[in-house]
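Given next are the chains, with one letter for each unit.
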Protein chains: 2
Amino acid sequence: MNSGASIPQHRKLYEILRKHISEGVYAEGDLLPSENELCRLYGMTRPTVRQSLAALANDGYIRKHQGKGSIVQLPPMDIGILSVSGTTSALGNRNLKTRIIVKPVLKPWPEEFMFNLTKLERESGCIYMERLRLLDEAPIFYDISYIANINLPRITARQFENKSLFVILREHYQVEIKGGEQRIRAISPSARIRSFLMLEAGQPVLHLERRIMTNMEGLFLYSSIFCNTGKYSVFGRF
Amino acid sequence: MNSGASIPQHRKLYEILRKHISEGVYAEGDLLPSENELCRLYGMTRPTVRQSLAALANDGYIRKHQGKGSIVQLPPMDIGILSVSGTTSALGNRNLKTRIIVKPVLKPWPEEFMFNLTKLERESGCIYMERLRLLDEAPIFYDISYIANINLPRITARQFENKSLFVILREHYQVEIKGGEQRIRAISPSARIRSFLMLEAGQPVLHLERRIMTNMEGLFLYSSIFCNTGKYSVFGRF
DNA sequence: AATATTTACTTGTAAATACAAGTTTGTTTG
DNA sequence: CAAACAAACTTGTATTTACAAGTAAATATT
């Protein structure tokens, strides 16, 4: 009999360890308890524990070394909008602020969209919003988001000021990010983008078009992000 | 007793299936043989087969569906220099050419390097080269590569014209790419870069600084890539 | 004929067991 | 004291067994 819900044990252990690593219970470079120790601690068998550790290694939370143990690595992303990380986490998330330019509204999708949409997505309409992200009061990202209006009641009413969109989707709708794809370009910004990012004429802008997959079948998050990479550069793992 | 070398069975099966998928034995959308069938075919047990399939799913070659089977996906990258993929694979790799600007030479590392180097790397010196990548005769990437001169005999003598650097490292030195990290910026190109990419003044350029990890302990590949994203955009999964 | 239901698949989860192989830490030996 | 060895760890690989859960097709029912 499973104690509690029908969440697999290996998944549970994965979440526990992931949380511990994220919260700093284990520092970078630390050794995780050995597999056998984890077995004893959580009452599982080694194959189950190993499944959890394999997933953690995959997601970049640990590095395994035969004969040595599992070494903790710093978490890879978790920076709000951009899963491309680094600059922000290097500075600590303290100075990161979000200003909403266009509040979430429900409206039809643009005719020409950056990604191909399913029939269901087109029919559902999209939740649209524009946000500006500032680091130490300096605008860094301008983010235009599109979400298909599927199984997300009352989402336009929610606050997006302080919490990241991902956190809200996770806490209120149990939506988890699974991965995604992106197109990256260097562009000359439009006057509008230039003014939001407070750029001088001629300064280039990094443009990301992303399609983010979730655990909800058919639910994707889309965003078009303009970055001022003059002072900071976007960082990512692959 | 192991038949042949000391390569694990699950790794062997992984390589076999990966090759089959890459070579088109299975088309996109096809179902792989079921796990039990693979057991019979290759004389392994299900956990071993599952380990192979888990790795394939991880690397984006298949998508698993409970009750259904393992569905083949198109390979994710494998595009020569850039693991950021898409544009090239969409066009087929036929039109991709490489022109060597600076042949591989052994020299000391730059004093100020884009990533922190280990003591061993600094002492070993670096293999330096510059290459231009063209798509349909139009220059797209300008790639400056740095490799620590560790366990790579005769590498400066090898041909890089037609084969990708990764392929050479793989075939001659058994070096496998494990992952990496990158910084991305939009910049105004220098006159030199602008002339190589045949750009007009004012056109922005995408700049990637990458550190690529390998299976060889302590061996990293570094590259600084300048991309003309005017016509094509760099594509990547995460 | 259309709809349930059963059946035979598929992958997912989990245990118990065994040995191989790399790493560290002692202990013994010279 | 220093080097060589041995023991006690660690993770890696692999088999065997069992049942759960999702999917699809064949079958029985209405």
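Okay, so let's go over this structure. (Residues numbered from 1 in each chain as written. Chains lettered and ligands numbered in written order. Predicted model: local features only at pLDDT ≥ 70, side-chain atom pairs only at ≥ 80, totals over all residues. Heavy atoms only, no water.)

**Some details on the interface of chain A and chain B**
Interface extent is often summarised as the accessible area lost during association of the parts. Opposite the 29 residues of chain A that make contact, chain B presents 28 residues. Summing both partners gives a buried area of about 2,600 Å² for chain A against chain B, and 54% of it is carried by carbon and sulfur. The interface formed by chain A and chain B includes zero salt bridges. In this assembly, chain A and chain B are joined by five residue pairs in polar contact (both at pLDDT 80 or more). At the level of secondary structure, the elements contributing two or more residues to the side of chain A that touches chain B comprise strand S7 (177-187), strand S8 (205-214) and strand S10 (234-237) of chain A. Among the elements that take part in the side of chain A that touches chain B, S7 of chain A stands out by supplying nine residues, more than any other. Looking at side-chain class alone, the side of chain A that touches chain B contains 11 nonpolar, 12 polar and six charged residues. (Contact = heavy atoms within 4.5 Å. Buried area = accessible area lost by both parts, 1.4 Å probe. Salt bridge = Lys/Arg side-chain N within 4 Å of Asp/Glu carboxyl O. Polar contact = N/O pair within 3.5 Å; in protein donor to acceptor, adjacent residues only side chain to side chain. Helix = DSSP H or I, 4+ residues; strand = E, 2+ residues; numbered from the N terminus. Nonpolar A, V, L, I, M, F, W, Y, C, P; charged D, E, K, R; others polar.)

**With respect to the side chain of Glu209 of chain A**
Within the secondary structure, Glu209 of chain A is located in strand S8. Apart from residues no more than four positions distant in its own chain, Glu209 of chain A is found in contact with Met114, Phe115, Glu181, Gln182, Arg183, Arg185 and Ser223 of chain A.

**A closer look at the pattern of salt bridges**
In the structure shown here, the tally under the stated rule is 16 salt bridges over all chains. As a salt-bridge pair, Glu209 of chain A and Arg183 of chain A come within 3.2 Å of each other at their nearest N and O atoms. Pair noted here: Glu209 of chain A is in strand S8 and Arg183 of chain A is in strand S7, with a separation of 26 residues, a long-range link. Here Glu35 of chain B ties to Lys64 of chain B by a salt bridge, and the two come within 3.1 Å at their closest N and O atoms. Within this pair, whereas Glu35 of chain B is found in helix H2 (residues 35-42), its partner Lys64 of chain B is found in strand S1 (residues 62-65), the two being separated by 29 residues in sequence. Several salt bridges share partner residues, and in doing so they unite Glu35, Arg46, Arg50 and Lys64 of chain A into one network.

**Some points on unusual backbone geometry**
All names here are of chain A. Of note, the phi angle at Met198 is positive, near 50°, even though the residue is not glycine. Turning to its location among the elements, Met198 is positioned in the loop between helix H7 (191-196) and S8. The exposure class of Met198 is exposed, given its relative accessible area of 59%. (Buried < 20%, exposed > 50% of the residue type's maximum accessible area, 1.4 Å probe, protein only.)

**Quick look at the relation of the copies chain A and chain B**
When chain A is fitted to chain B, the best match, at an RMSD of 0.3 Å, comes from turning it 179° and sliding it 0.3 Å along the axis. Taken together, these values place the two copies in the relation of a two-fold axis. The C-alpha atom lying nearest the rotation axis in chain A is that of Ala186 of chain A; the distance is 2.4 Å. Of the interface residues in chain A, 93% have counterparts in chain B that sit at the interface too, so the contact is made through matching surfaces. (Least-squares fit on C-alpha atoms with pLDDT ≥ 70 in both.)

**Topic: helix H6 (residues 165-173) of chain B**
All names here are of chain B. Buried residues of H6: Leu165, Ile168, Leu169 and Tyr173, and no others. Angular distribution of buried residues about the axis of H6 spans 100°; they occupy a single face of the element. Gln174 occupies a position one or two residues after H6 and carries a positive phi of about 55°. (Arc of directions from axis to C-beta.)

**Comments concerning the protein's contact with DNA strand D**
Near DNA strand D, the surroundings consist of 22 residues, among which Arg46 and Lys64 of chain A together with Gln9, Thr45 and Thr48 of chain B are the closest. Between DNA strand D and the protein, one listed contact pairs a phosphate oxygen with a backbone N or O atom of Gln9 of chain B at 2.8 Å. Interatomic distance of 3.3 Å between a side-chain N/O atom of His10 of chain B and a phosphate oxygen of DNA strand D. Those elements giving two or more residues to the surface near DNA strand D turn out to be helix H2 (35-42), helix H3 (46-58) and strand S1 (62-65) of chain A together with helix H1 (9-23) and helix H3 (46-58) of chain B. Take the surface near DNA strand D: its biggest share by element is four residues, from H3 of chain B. For the surface near DNA strand D, the residue count by class is two nonpolar, 13 polar and seven charged. (Near = heavy atom within 4 Å.)

**A look at the environment of Ile147 of chain A**
Residues and elements named next belong to chain A. Position of Ile147 among the secondary structure elements: in strand S6 (residues 138-148). Judged by its relative accessible area of 2%, Ile147 falls in the buried class. Along the backbone, Ile147 and Ser223 are 76 residues apart, and their C-alpha atoms lie at a distance of 8.5 Å. Those residues within four positions of Ile147 in sequence are excluded, and the remaining contacts are Trp109, Gly125, Cys126, Ile127, Leu152, Leu165, Leu219, Phe220 and Leu221.

**What about the protein's contact with DNA strand C?**
Close to DNA strand C lie 22 residues, the nearest being Gln9 and Thr48 of chain A together with Arg46, Arg50 and Lys64 of chain B. A share of 74% is what sugar and phosphate atoms reach among the atoms of DNA strand C within 4 Å of the protein. Gln9 of chain A is positioned with one of its backbone polar atoms (N or O) 2.7 Å from a phosphate oxygen of DNA strand C. Interatomic distance of 3.3 Å between a side-chain N/O atom of Gln66 of chain B and a sugar or linking oxygen of DNA strand C. At the level of elements, helix H1 (9-23) and H3 of chain A together with H2, H3 and S1 of chain B are the ones that each hand at least two residues to the surface near DNA strand C. Looking at the surface near DNA strand C element by element, the count peaks at four residues for H3 of chain A.

**Section: the pairing of strand S5 (residues 126-135) of chain A**
Residue and element names in this part refer to chain A. A large share of S5 lies buried, amounting to 10 of its 10 residues. With burial as the criterion, each face of S5 is covered, one bearing Cys126, Tyr128, Glu130, Leu132 and Leu134 and the other bearing Ile127, Met129, Arg131, Arg133 and Leu135. Sheet topology note: the S5/S6 ladder contains 10 bridges and is antiparallel. Across the sheet, the residue bridging to Leu132 is Tyr142, located in S6. Where S5 hands over to S6, the hairpin turn is made up of two residues, of which Asp136 adopts a positive phi near 55°. (Pairing = 2+ DSSP bridges.)

**A short note on the packing of aromatic side chains**
Overall, the coordinates contain 18 aromatic pairs over all chains when judged by the stated rule. Residues Phe113 of chain B and Tyr146 of chain B carry aromatic rings whose centres are separated by 4.8 Å and whose planes lie at 80° to one another, so their mutual orientation is edge-to-face. Here Phe113 of chain B, found in the loop between strand S3 (96-107) and helix H5 (119-124), pairs with Tyr146 of chain B, found in strand S5 (residues 138-148); they are 33 residues apart in sequence, far enough to count as distant. According to the relative accessible area criterion, Phe113 of chain B is buried, its value standing at 14%. Judged by centre distance (5.2 Å) and plane angle (85°), the ring pair of Phe113 of chain B and Tyr222 of chain B falls under edge-to-face. One end of the pair, Phe113 of chain B, is in the loop between S3 and H5; the other, Tyr222 of chain B, is in strand S8 (residues 220-227), with 109 residues separating them in the sequence. Considered together, Phe113 of chain B and Tyr222 of chain B belong to a single accessibility category, that of buried residues. The ring of Phe115 of chain A has Arg183 of chain A sitting right over it, with the charged end atom 4.5 Å from the ring centre. (Phe/Tyr/Trp six-rings, centres within 6.5 Å; stacked < 30°, edge-to-face > 60°. Lys NZ or Arg CZ within 6 Å of the ring centre and 35° of its normal.)

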